[in-house]
Amino acid sequence: MNDPGQVALEALAAEVGRRLLQAGERLTTAESCTGGWLGQCITAVAGSSLWFDRGFITYSNEAKTELLGVSGDTLASHGAVSETTAAAMALGALARSPADWAIAITGIAGPDGGTTEKPVGTVCFAWARADAQVFTATHHFQGDRRAVRAQSVEHALRELVPRVGHCSA
């Protein structure tokens, strides 16, 4: 583990874990463009089984529908890379897990696949609580495929930290 970026991501995951443990809560993930990198950072933390339940890697639209229950209408109307789809992914992960929180990531890491409306580097996120509170965001990251994916994992974790234990039902 000589990659300083990976060390920083795992430290951030450890901070998420500390917050979840303090709140007595657990996490699940639903990933598309990051392909399990978020789950890898989480499970690199010793003791993460105390606060991480499971992760879904749903790269294709079919997987989003089959594993997370994202409707075909949502995908047809909004596309796989949308806050609406990210929210559906997060809620689907929660519905299939006893976790209290879900993080969903879906985006275009590149180098291909971008459009004028959704250029390479467009990534949509959702953070959802089991009480159905959903927070979404879209960011446009710069860099190559690895940089976009790394920034996505960092953003997903960083945005969860202040939410854990601070949201009311």
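Details of the structure are given in the entry above.
Residues numbered from 1 in each chain as written. Predicted model: local features only at pLDDT ≥ 70, side-chain atom pairs only at ≥ 80, totals over all residues. Heavy atoms only, no water.

Enquirer: Which parts of the structure should I look at to understand the sheet that holds strand E3 (residues 101-107)?
Expert: Within a beta sheet, neighbouring strands are joined by backbone hydrogen bonds and run either parallel or antiparallel to one another. If you trace the five strands from one edge of the open sheet to the other, you get E2-E1-E3-E4-E5, paired in mixed fashion. Looking along the sheet, the strands with just one partner apiece sit at the ends: strand E2 (52-57) and strand E5 (134-140). Adjacent strand axes in the sheet meet at a mean angle of 15°, parallel and antiparallel pairs treated alike. Relative to E2, strand E1 (residues 27-31) runs parallel, the two being bridged by five bridges. When the bridges of E2 are listed, Glu31 appears paired with Ile57. Packing against the sheet, helix H6 (residues 145-160) makes contact with E1, E3, strand E4 (122-129) and E5, and its axis sits at approximately 25° to E4. (Pairing = 2+ DSSP bridges. Helix = DSSP H or I, 4+ residues; strand = E, 2+ residues; numbered from the N terminus. Axes fitted to C-alpha atoms, helices over the stretch in contact; angles between N-to-C directions. Contact = heavy atoms within 4.5 Å.)

Enquirer: Looking at this model, I keep getting lost on the environment of Thr43. Mind explaining?
Expert: Among the secondary structure elements, Thr43 is positioned in helix H2 (residues 37-43). For the pair Thr43 and Ala14, spaced 29 residues apart in sequence, the C-alpha to C-alpha distance is 9.5 Å. Thr43 has contacts with Ser48 and Phe52, leaving out every residue within four places of it along the chain. At 3.4 Å, the side chain of Thr43 forms a polar contact with the backbone oxygen of Gln40. (Polar contact = N/O pair within 3.5 Å; in protein donor to acceptor, adjacent residues only side chain to side chain.)

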